[in-house]
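# Residue-level structure breakdown
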Amino acid sequence: MTCHNCRIECKKSGKRPDGLQRYRCAQCGKTFSDHKDFGIFGHKQVDEAMSLVALRMLCEGNSIRSTERITGLGKKAIMRLLIEAGEKCEALLAERIRDIPVTDVQADEIWCFVGKKQANRRGDEEKFPYLGDAWTFVAIERHTKLVLAFELGKRTVTSATRFMAKLADATAADQRFQLTTDGLKAYNYAVGTQLDERVDYAQLVKIYTQETPEAARRYSPPRMAEAIPTPVYGDPDGERICTSHVERQNLTMRMCIRH
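Residues numbered from 1 in each chain as written. Predicted model: local features only at pLDDT ≥ 70, side-chain atom pairs only at ≥ 80, totals over all residues. Heavy atoms only, no water.

A few words now on the overall build of the protein. Helix and strand counts for the protein stand at seven helices and nine strands. Put simply, the protein has 259 residues, and 34% of those count as buried. At a minimum sequence separation of 6, the contacts of the protein that also span at least 24 residues come to 50%. Carbon and sulfur atoms make up 54% of the accessible area of the protein, which totals about 16000 Å². (Helix = DSSP H or I, 4+ residues; strand = E, 2+ residues; numbered from the N terminus. Buried < 20%, exposed > 50% of the residue type's maximum accessible area, 1.4 Å probe, protein only. Contact = heavy atoms within 4.5 Å. Areas by Shrake-Rupley, 256 points an atom, 1.4 Å probe, with all protein chains shown as cover.)

Taking 1.5 Å per residue as the helical rise, helix α3 (residues 75-96) with its 22 residues ought to reach 32 Å, and the 31 Å between its terminal C-alpha atoms agrees with that figure. Taken residue by residue, α3 has A77, I78, L81, E84 and A85 as its buried positions. The arc that holds the buried residues of α3, viewed along the axis, is 130°, so those residues lie on one side. When the buried face of α3 is taken as reference, the exposed residues oriented beyond 90 degrees from it are K76, I83 and E87. Against the buried residues of α3 lie α1 (48-59) and α2 (64-71). (Expected span 1.5 Å × (residues − 1). Arc of directions from axis to C-beta.)

Listed in full, the buried residues belonging to helix α5 (residues 186-194) are A186, Y187, A190 and V191. Here the buried residues of α5 occupy an arc of 110° about the axis, which is enough to place them on one side. Residues of α5 that are buried sit in contact with β4 (104-114), β5 (132-141), α4 (157-170), β7 (177-181), β8 (199-208) and β9 (224-233).

Time to look at the nonpolar core. Core analysis: the largest hydrophobic core is formed by 26 residues, its most contacted members being V105, F163, M164, L167, L179, Y187 and L195. Put simply, the parts of the chain that give this core at least two residues each are β4, β5, β6 (147-153), α4, β7, α5 and β8. Ranked by residue count, the leading element in this core is α4, at six residues. Not counting the four nearest positions on each side in its chain, L179 is found in contact with V105, A107, M164, L167, V191, L195, D200, Y201 and A202. (Core = buried A, V, L, I, M, F, W, Y, C linked by side-chain atoms within 4.5 Å.)

All right, on to the packing of aromatic side chains then. All chains considered together, the criterion is met by four aromatic pairs. Judged by centre distance (6.1 Å) and plane angle (85°), the rings of F137 and Y187 are edge-to-face. With F137 in strand β5 and Y187 in helix α5, this residue pair connects regions lying 50 residues apart in the sequence. One aromatic cluster in this structure is built from F137, F163 and Y187. Between the NZ or CZ atom of K166 and the centre of the ring of F150, over which it lies, the distance is 5.5 Å. (Phe/Tyr/Trp six-rings, centres within 6.5 Å; stacked < 30°, edge-to-face > 60°. Lys NZ or Arg CZ within 6 Å of the ring centre and 35° of its normal.)

Moving on: the sheet that holds strand β1 (residues 11-15). Strand order across the open sheet formed by three strands is β1-β2-β3, with antiparallel pairing between neighbours. The open sheet has two edge strands, β1 and β3 (31-33), and neither has a second partner. Direction aside, neighbouring strands of the sheet carry axes that sit 35° apart on average. Relative to β3, strand β2 (residues 21-24) runs antiparallel, the two being bridged by three bridges. Looking across to β3, one finds that R24 is bridged to T31. (Pairing = 2+ DSSP bridges. Axes fitted to C-alpha atoms, helices over the stretch in contact; angles between N-to-C directions.)

As a further point, take the pattern of salt bridges. Counting across every chain of the model gives 12 salt bridges. Note that E68 is salt-bridged to R65, the shortest N-O span being 3.4 Å. Here E68 pairs with R65, and both are found in helix α2, just three residues apart, close to one helical turn. Classification of E68 by relative accessible area gives partly exposed; the value is 24%. (Salt bridge = Lys/Arg side-chain N within 4 Å of Asp/Glu carboxyl O.)

Let's shift gears to unusual backbone geometry. In this model, D99 sits at a positive phi of 55°, which is unusual for a non-glycine residue. Turning to its location among the elements, D99 is positioned in the loop between α3 and β4. Take D99: its relative accessible area is 53%, and that puts it in the exposed class. Phi is positive for D196, close to 50°, though the residue is something other than glycine. Relative to the helices and strands, D196 resides in the loop between α5 and β8.

Written as C-alpha cells, this is what we have:
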C-alpha cells in the first residue's frame, strides 16, 4: 500500500473490524486500508448472498412484502436491487444479442399498469405520462423462443419505433426474415422505417366477441371470434403468419407479474 500523500510504502497497522488490512504511513501518520469488494450489486449494507435470494424469490413470483419478511431486507432495498438487476440484465441483452441470424420472428405486447389503470387516473394525475397503462413489447424467435428485444412504454408510434430499432440491432442485417405482429397500427410506420427491406412483414388481426361490462373488468382477454392474416410488406408466407408462440410466452410472463 502506497501513501496517497507521501508516495512511500506504508507498513501494516492491524486490521479493521471487518477484517480488512490497515496500513499506516511512517511519514505523515495517515492510515489506509485495502479496497473492499461490495460484490456485483455494489451495496455496502446489503449482503450479496441474501440479495441473490431476494431476486430469486421475486423471479419466482413472490411479492416484495413476502420477500421482505423472509430475507429480512428492507422494502426500499429490495426495490433498488430489482431496478439494478433489471438494468444489468437489459445491458447484457443489448450486448450479447447482436446480429442473430433468424428466419421467423413474432412480436406482441404485455399489458400492465404503473400505480393504477389508465381509466382510474384523476385530476392532476393526467399530467404524469408514466402513470397508468404500460406495455412491454417483446420479440422472440419462433423456433428457439429466444427473446431478441423488448421495450417498455405506451402503445404509441414512438415506443414501437424504439422497439423495432432494438430488433434491427439484434438480428443479422444480411439475412431476410419473416415478422408477424398483432394489428397495432403503430407497427406499420415502425417496421417500415427501422427494418424496411429486411423483412417479410404480416399482421395477424384478431377479432374478439363483444363483452358485457362485468366481463370487461377481468384481466383475461375476451373470446376470440376470428383471426385474419394480413400481409403488409414483402412476401410473407401465409402458413407462418402466427403470433401464438409469443402470446403463450407473454401470458406466462403476465401471470408472474400479476402474482
